[in-house]
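# Observations on the three-dimensional arrangement
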2 protein chains.
Amino acid sequence: MAQKKVSRKTQSRKTTARSKKRVPKYVYFFGGGRAEGKTEMKNLLGGKGANLAEMTNLGLPVPAGFTITTEVCTYYYQHKRTYPPGLKENVDKALKKVERLMGARFGDEQNPLLVSVRSGARASMPGMMDTILNLGLNDKTVNGLIKQSGNPRFAYDSYRRFVQMYGDVVLDLKPKTKDDVDPFEEIIEAKKKAKGVTYDVELTAEDLKELVAEFKKAIKRETGRSFPEDPREQLWGAIGAVFGSWMNDRAIVYRKLNGIPEEWGTAVNIQAMVFGNYGEDSGTGVAFTRDPATGENIFYGEFLMNAQGEDVVAGTRTPLPILELAKKDRRSYRELLRIRKVLEAHYREMMDIEFTIQQGKLYMLQCRVGKRTAFASIRIAVDMVRQKLITQKEALMRIEPDQLNQLLRPIFDPVQKKQAVAQGRLMAKGLNAGPGAATGRVVFHADDAVTLASQGADVILVRIETSPEDIEGMSVAQGILTARGGMTSHAALVARQMGKVCVAGCDALEIDYKKREIHIAGKDNVIYEGDFISLDGTTGEVILGELETRPSEVLQVLIDKTLDPKSAPIYQMYDRIMRWADKYRRLRIRTNADQPDQSANAIAFGAEGIGLCRTEHMFFGEGKIGPMRQMILSDSVEERKAALAKLLPLQRRDFEGIFRVMNGKPITIRTIDPPLHEFLPHDDAGQREVAKDLGIPFEVVKTRVAALHEFNPMLGFRGCRLGIVYPEITEMQARAIFEAAANVKKEGVKVLPEVMIPLVGHVKELKLQEEIVRRVAREVMKETGVRFKYLVGTMIEIPRGAITADEIAGVAEFFSFGTNDLTQTTLGVSRDDAGRFLIPYVEQEIYSRDPFEAIDQVGVGFLMKHAVQNGRAVRDKLKIGICGEHGGEPSSITFCHQIGLDYVSCSPFRVPIARLAAARAAIA
Amino acid sequence: MAQKKVSRKTQSRKTTARSKKRVPKYVYFFGGGRAEGKTEMKNLLGGKGANLAEMTNLGLPVPAGFTITTEVCTYYYQHKRTYPPGLKENVDKALKKVERLMGARFGDEQNPLLVSVRSGARASMPGMMDTILNLGLNDKTVNGLIKQSGNPRFAYDSYRRFVQMYGDVVLDLKPKTKDDVDPFEEIIEAKKKAKGVTYDVELTAEDLKELVAEFKKAIKRETGRSFPEDPREQLWGAIGAVFGSWMNDRAIVYRKLNGIPEEWGTAVNIQAMVFGNYGEDSGTGVAFTRDPATGENIFYGEFLMNAQGEDVVAGTRTPLPILELAKKDRRSYRELLRIRKVLEAHYREMMDIEFTIQQGKLYMLQCRVGKRTAFASIRIAVDMVRQKLITQKEALMRIEPDQLNQLLRPIFDPVQKKQAVAQGRLMAKGLNAGPGAATGRVVFHADDAVTLASQGADVILVRIETSPEDIEGMSVAQGILTARGGMTSHAALVARQMGKVCVAGCDALEIDYKKREIHIAGKDNVIYEGDFISLDGTTGEVILGELETRPSEVLQVLIDKTLDPKSAPIYQMYDRIMRWADKYRRLRIRTNADQPDQSANAIAFGAEGIGLCRTEHMFFGEGKIGPMRQMILSDSVEERKAALAKLLPLQRRDFEGIFRVMNGKPITIRTIDPPLHEFLPHDDAGQREVAKDLGIPFEVVKTRVAALHEFNPMLGFRGCRLGIVYPEITEMQARAIFEAAANVKKEGVKVLPEVMIPLVGHVKELKLQEEIVRRVAREVMKETGVRFKYLVGTMIEIPRGAITADEIAGVAEFFSFGTNDLTQTTLGVSRDDAGRFLIPYVEQEIYSRDPFEAIDQVGVGFLMKHAVQNGRAVRDKLKIGICGEHGGEPSSITFCHQIGLDYVSCSPFRVPIARLAAARAAIA
């Protein structure tokens, strides 16, 4: 220990020694076609400073200036808000250069250089001090400005604005709350009243001059200090204010929310002023090199003549479309078009620019990568590949996988939706469990949904929670809305698998089945059966009334086949992205599906196999729930076997259907998993009906359901535990699978079933089940004379399974991570119950993302890595995939790629997203 | 890969080469005071063979013989049931030696050597072929025996027995089922009938000779082969039968159940016959060197004159106590006393011996470590230390920790209990949740228990399941019986903590609260309120009627103080063992207690601190449940704080009480852990009462209880999640702890509270709670002017906590493994629901032991080791303990010692067991 301490001390001494030697460069100059910085120096110069330097180097007309680095900010806070030695000299030197280039001198009474001071962090950050303009003006230099511009009103207006900005921002007189009043605005109002005018523009140069004096008095009164007349004092005050604003409350909150480290710091940009309000030959504007809403390759922007930057944004005057600039100032417009080209060619990105025209001369004040809609993002990426601006890989890295939903899901007409919200029709918000837009009439019962839908009505099925008995109703509904349950509740799972719109766990709803109405906490509206509602499954919003939806073009081509691909540009875009993605990804993509039609959809979306076929869903089809219940209510092995014998042909037929659709693509079939009570009704009426149907006394049914009650069903009698206590169930399921395989093979269909045993925690559990499966396979091959390949593997979904992966891999031919349950058990959190604390948890940043949405890589991920390494150590060809909900979530897919999985499996409608995410993971 | 294969091949060639060179010794001789084997060669010679050799070397009179090694058995099964080359020669040579020493020849018609053939595995194994006696007799050698003994009847009886045994065992004519008849017994019966006699002994020599002939005919008839007249053929037949029996069904099952590897194999012992039935100067007997029931240091055994070994066991004649032998054969008796001393001095163990006296000469036929009761085990160990036969360490290693229960728990009078069972009064069996014996009148309600107990009645509280409201009733009851719930159900936990007898989860009981009666599945008896029942909490048995119990002497000295320690020999024994244990153990022992009286008991039992003080139990005391419920039903932080303010002084008083009792011993106090709904009644009546008490509408209470319902409460809103959503609860608890600490410190009491945050899965959870605790500690120190030490740590009870132990150790000053929950989450098994599959699981040997009883070292243990290593890597002095139920289970304590924990914590009544287990772990 002693030694350790000594060595640490030595090290720290060394560091100090090193830092003494180093003399950092604190100021980076730009101007006159040359800059010391460049885009890549964003960390040091901030985004704004780096791009000003880059534009300068590109030969674009940027007013000269310089950037004080973010390192100064770091130093500032590490040294009790003082500046590093040498900074002053650095700034002076740079300022000299600016003076030289601009032909003006800072503080000169004849020909004063005025500057702007702006903050500029690595990432754009609201809450920081933004801008001080016209710095350098005082009672003397203002005369120089008058002389130069020949416009006293302009000069005093600039002066007035400067003093006000300086007072507000640097001297901290800006109102802190909405009730406070800006002292400067008060003075202006008084002045206008005194002069009998209404608008600022009506004030004369003299009025403005008086205002400046009154502003200064107010500053003295409020702060006890005089307004600094010395431009250098002004400058250092402004620099200090920028650095100071890095630690103001809003900035701190924003950084915390967006995970921006405090250590990054901000840079300060000081730049010579140019004026868009010099007269009618001046102006200012903002533009995007392409349309940020649609992505269309057109020059898009707005401008105002005789105005300063803030006027464009303020909304007091309506800016003109950029095309109009051609008429007002053709030269500047053509120059802008040229700059647009230069910037796109250079940055190979859609750029957002700010410009000012001073007396017919164009200046660039800012450029940065432009924000855009998801749709534009896709279009721009695809177009830029076509233009050979970027590579396919780059294009893929620019499209967030979830943005693909824009191409796949029906959406509401955005204008209509906005109106509806403005009208107060947004009723509640639940979990965005099934993305897309749906509108229809409220029904409360699955049967009614079926009836109404058969009459051609669009319906929204509204339930407190859904159960397997609602499946038919769900399948005919446009959307599903539930009051309870989480992102893996029955409603959510089924909806995503069906590609239905679903808002789940919307707990503001009070659903009264008897009265057939919904009350909403905090709202007066009552929604009655038959009323129209609209669900935005992408946001979780529930909106009263009907909204128009737009169907997805991709869907129409791929599945509905109602559109000609050639006439479907969005489909073409989708198709191109998917081809590129498939070229680069290493992960295979499978889907979670258990019906032939779902499987067909998934194949249309590019699924390469089924990663999870839940056999229990099959028990809810017509004619199947009866024997299933009979099986559960059996008293003896014999009775159970009799009931299973009835299920065998039904389940076999289901498998045949899926095998035919998949034709040789691998299909992972999970043996029965849920607790048995899920197959029985929990209410007296339902139980009476079951009793009647099966000819069993009601009391027996009731007692059996009660006996099946569990304190923690998630950790109860389910998964392979069922098959171990009732091996005859596993036997029947294996037989159904293999007989189906033999039957379709006779038809010439290829089959590759992978039998998956769920909830294995101990290798012996798997071994016992595997023995049954293999024995049945041998029997079926012998009986049918058909040989077929198959695998036996397991789901890794409880920690002990992951921990003992080496033992389990001795038996399992494949692993599939069931990350839903693995997350529940590893975190000790029941997803269905987490609502009460998961929101405060995410608010307090305990988990940065909902661990049921994105894999908790530290906790759950540790077990996954352990399982992959130890499993493959025993069986090096072990096939490993994931079939939990995370299999369709991009950050989780990246993780799966990194730890070496072979495939991910997700719901059919997430297959394209997974393909893209997998490609991005491979490229990254 | 290719290289790997080659190298394997080379290796296997080498092995073959090596095994060719080695010429194993297959046969070990003993006799004439010299043996080739010894005790330590048990693996090679089996237990019986090794001890025969050892006794020979000790100079004890052992008939000469030899042992065929277990390696021959292994060879036999590896080589299609053939013997290794050279074995025959080995056997012949050894047999020659025996002939020489015994002065007789195998197969000699004049002076035949007869031998016994016995199996002898490493561990004693029922199901194996046991013994063939008198081998070597045939129609010719029988005449030699007649000549030698002068007793034709003896000779033919020996011959008859041999043929019968040989036919049964070697030729496999023994009946396979109970309905089959032994062909030999049939013949004997027919003979007796024909001769008109009743007993075997009435048959004459001639009759017996006829029987031999008839037996042989039967053998020919049944097997198609003649009885082998050649003694060598007989011998090899018997050897083959011994080896063959290693693989019979019963032996296989036994091995599987007891974890005995098949590879061990059995040895075969061939030994010269001596006869206890040679006449009245002959006899046979078995003895123990001490009393195996009480452990008393007296020679204990039985014998019969003129009898063979099996007669002593068979029960046809009543054997005499060994003391009587002094009268019958004084010389042999004194010789036996000498041998007893020699054996004890040599083996330093209580031995079990078999002897035979032939014509006044004593022979030793077997010796092995004697089986004994738990009580005897303890007494013998303690006595042997006093005698300086063994060291203290050895004594500790000979006492199974659970055997200490014999010294601690009241037990039923064993004779009375046996009678009760014989009378059919055993009603049902549940989980042995709280060891000990209790008898009393059935009551169904806690209130009634209190009333009746106050009138002096002993009561047994019988509930479907218990809830915190039953605590007072439980505390006055002699025992608790529940129909539902597992080993960590409320009833079980509380009972163990209180040291109460408890049988839990006895699902055969149908309890009718209304009629106040119990029906039992499969029984006609109805048990009414007020009836006597008896609970054996050590076995889980429920017995009808009253049974006498014996109180524990140790308890009377330690806690009741009704006995003078000097007049309490059992206490003295206990005390000695505990002193030794404390000398050798490294682990500290704490207890789980949350009341002053429990804590006092635990200290009496040797607890060195409290490892788990559950604060929620405190909320159920008088006057506390009201404010607690008010807190839960609060609508706002303010209301909640008001309710908490009422709880503060109550909880503070509780802590003061415990602090005073523990006086400076560390106390780990866990902040509130259970789901809130546990504090509210679930039935309408109870809810109405709460509503009335608190002046809240019934509907509000009902709705709130419903809202608190969870699908999987084990994984729900509990543990630190409560304190994070309601920080004011943690704040109140911290304040109660620290104010109590300050108050008692003023009184001169030492305090060391360790505040433990439960259910932590993410370091930020702990951090948030830790900040509150430390802030309150600072505040209290400031307010009271008292400084005190305290720690803040966490329970590691969900996998993510263990996985991220390094992060958590950055904040936690200690870890305590909550292995109950850690097992539930790691295995994905809810203990309360496991009943339905855990029994089939243990039956199918998926888990060799119930993982809730003994730590699953592979799964849960992996996470524990990971947490210890990674936690200590960050904080090397990190204090680590365990407070799950496993903390009182010996194999788990050993594991905790091995992975380097600092302490284990268990219920007060298991503290002595833990002390012993910890010492054994350290010694091992």
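Before any of the text, the structure's been laid out above.
Model, not experiment: these values are computed from the prediction. (Residues numbered from 1 in each chain as written. Chains lettered and ligands numbered in written order. Predicted model: local features only at pLDDT ≥ 70, side-chain atom pairs only at ≥ 80, totals over all residues. Heavy atoms only, no water.)

## Overview of the overall build of chain A
Which entries qualify depends on this criterion: Only DSSP runs of H or I covering at least 4 residues are called helices, and only runs of E covering at least 2 are called strands; the numbering of each starts at the N terminus. Only protein chains enter the calculation, and the probe is 1.4 Å; a residue is then buried if its accessible area is under 20% of its type maximum, exposed if over 50%, and partly exposed in between. By the counting scheme adopted, Arg and Lys are positive, Glu and Asp are negative, and His together with the chain ends is not counted. A single reference atom marks each charge: NZ on Lys, CZ on Arg, CG on Asp, CD on Glu.
Each helix and strand in chain A was counted, giving 37 helices and 34 strands. Relative to its full complement of 924 residues, chain A shows a buried share of 58%. Charged side chains of chain A number 132 positive and 119 negative; the gap between the two group centres comes to 8 Å.

## Quick look at helix α33 (residues 819-827) of chain A
Residues and elements named next belong to chain A. Burial within α33 is extensive, with nine of its nine residues counted as buried. Among the residues of α33, those classed as buried are Thr819, Asn820, Asp821, Leu822, Thr823, Gln824, Thr825, Thr826 and Leu827. Count one or two residues on from α33 and you reach Gly828, which has phi positive near 65 degrees.

## Considering the packing of α33(A) against helix α35 (residues 860-874) of chain A
All names here are of chain A. To keep things clear, this is the line we draw: Lines are fitted to the C-alpha atoms to define the axes, a helix being fitted only along its stretch in contact, and any angle between axes, read from their N-to-C directions, falls within 0 to 180 degrees. If you view the pair so one helix is near and one far, a crossing is left-handed when the near helix is turned anticlockwise from the far one by less than a right angle, and right-handed when it is turned clockwise. Whether two residues are in contact is decided by their heavy atoms: any pair within 4.5 Å suffices. Each residue gets one of three labels, nonpolar for Ala, Val, Leu, Ile, Met, Phe, Trp, Tyr, Cys and Pro, charged for Asp, Glu, Lys and Arg, and polar for the others, Gly among them.
Their axes nearest at 9 Å, the elements α33 and α35 cross at an angle of 120 degrees. Classified by chirality, the crossing of α35 by α33 is right-handed. Packed against α33, whose contacting residues are Thr819, Leu822, Thr823, Thr826 and Leu827, the element α35 presents Val860, Leu863 and Met864 at the interface. Broken down by class, the residue content of the contact of α33 with α35 amounts to five nonpolar, three polar and no charged.

## A closer look at the sheet that holds strand β1 (residues 27-31) of chain B
All names here are of chain B. Definition in use: Two strands are said to pair when DSSP picks up at least two bridges between them.
Read across the open sheet, the six strands follow the order β2-β1-β3-β8-β6-β7; overall the sheet is antiparallel. Across the chains shown, the open sheet's two edge strands, defined by having one partner strand only, are β2 (34-35) and β7 (131-135). Contacting β1, β2, β3 (65-68), β6 (115-121) and β8 (266-272), helix α2 (residues 42-57) runs over the sheet at an angle of about 120 degrees to β6. This element, helix α9 (residues 231-245), spans β3, β6, β7 and β8 of the sheet and lies at about 150 degrees to β8.

## Thoughts on the environment of A:Pro183
Residues and elements named next belong to chain A. Inspection of the secondary structure puts Pro183 in helix α7 (residues 183-195). You can call Pro183 buried: its relative accessible area is 9%. Taking the C-alpha atoms as reference points, Pro183 and Ser467, separated by 284 residues in sequence, lie 63 Å from one another.

## Some points on helix α5 (residues 141-149) of chain B
Residue and element names in this part refer to chain B. When α5 is considered as a whole, its buried residues turn out to be Thr141, Val142, Gly144, Leu145, Ile146 and Ser149. Check the buried side of α5 and you find it contacts β5 (112-113) and α6 (152-170). Of the residues one or two after α5, Gly150 is the one with positive phi, at around 65 degrees.

## With respect to the relation of the copies chain A and chain B
Note the following rule: Only residues with pLDDT of at least 70 in both copies count here: their C-alpha atoms drive the least-squares fit that superposes the copies.
Overlaying chain A on chain B yields an RMSD of 0.2 Å, the required transformation being a rotation through 180 degrees with an accompanying axial translation of 0.0 Å. In the structure described here, the two chain copies are related by an operation that fits a two-fold rotation axis. Measuring from the rotation axis to each C-alpha of chain A, the shortest distance belongs to A:Asn712, at 2.2 Å. A share of 100% of the interface residues of chain A reappears at the interface of chain B, consistent with the copies meeting face to face through the same patch.

## Some thoughts on unusual backbone geometry
All names here are of chain A. A positive phi is found at Arg81, a non-glycine position, where the angle reads about 60 degrees. Mapped onto the secondary structure, Arg81 falls in the loop between α3 (70-78) and α4 (87-102). A relative accessible area of 47% means that Arg81 is categorised as partly exposed.

## Concerning the interface of chain A and chain B
The condition is simple: Two parts lose some accessible area (1.4 Å probe) when they are put together, and adding that loss for both gives the buried area. Salt bridge, as used here, is a side-chain nitrogen of Lys or Arg placed within 4 Å of a carboxyl oxygen of Asp or Glu. Definition of a polar contact: a pair of N or O atoms within 3.5 Å, with one able to donate and the other able to accept a hydrogen when the atoms are protein atoms, and with sequence-neighbouring residues admitted only if both atoms are side-chain atoms.
Listed as interface residues are 50 residues of chain A and, on the opposing side, 50 residues of chain B. Taken together, the two surfaces of chain A and chain B that pack against each other cover about 4,600 Å², and 60% of this comes from carbon and sulfur. Counting the surface chain A buries against chain B, the share from its top three residues, A:Phe711, A:Leu715 and A:Arg836, is 16%. At the boundary of chain A with chain B, the tally comes to two salt bridges. Here A:Arg800 and B:Asp856 are joined by a salt bridge, their closest N and O atoms 2.6 Å apart. In this structure, the connection of chain A to chain B is made through 21 residue pairs in polar contact (both at pLDDT 80 or more). Of all the secondary-structure elements, those providing two or more residues to the side of chain A that touches chain B are α28 (720-725), α30 (763-784), α31 (799-803), α33, α34 (835-843) and α35 of chain A.

So far we have only geometry, and geometry alone does not tell us how the molecule works.
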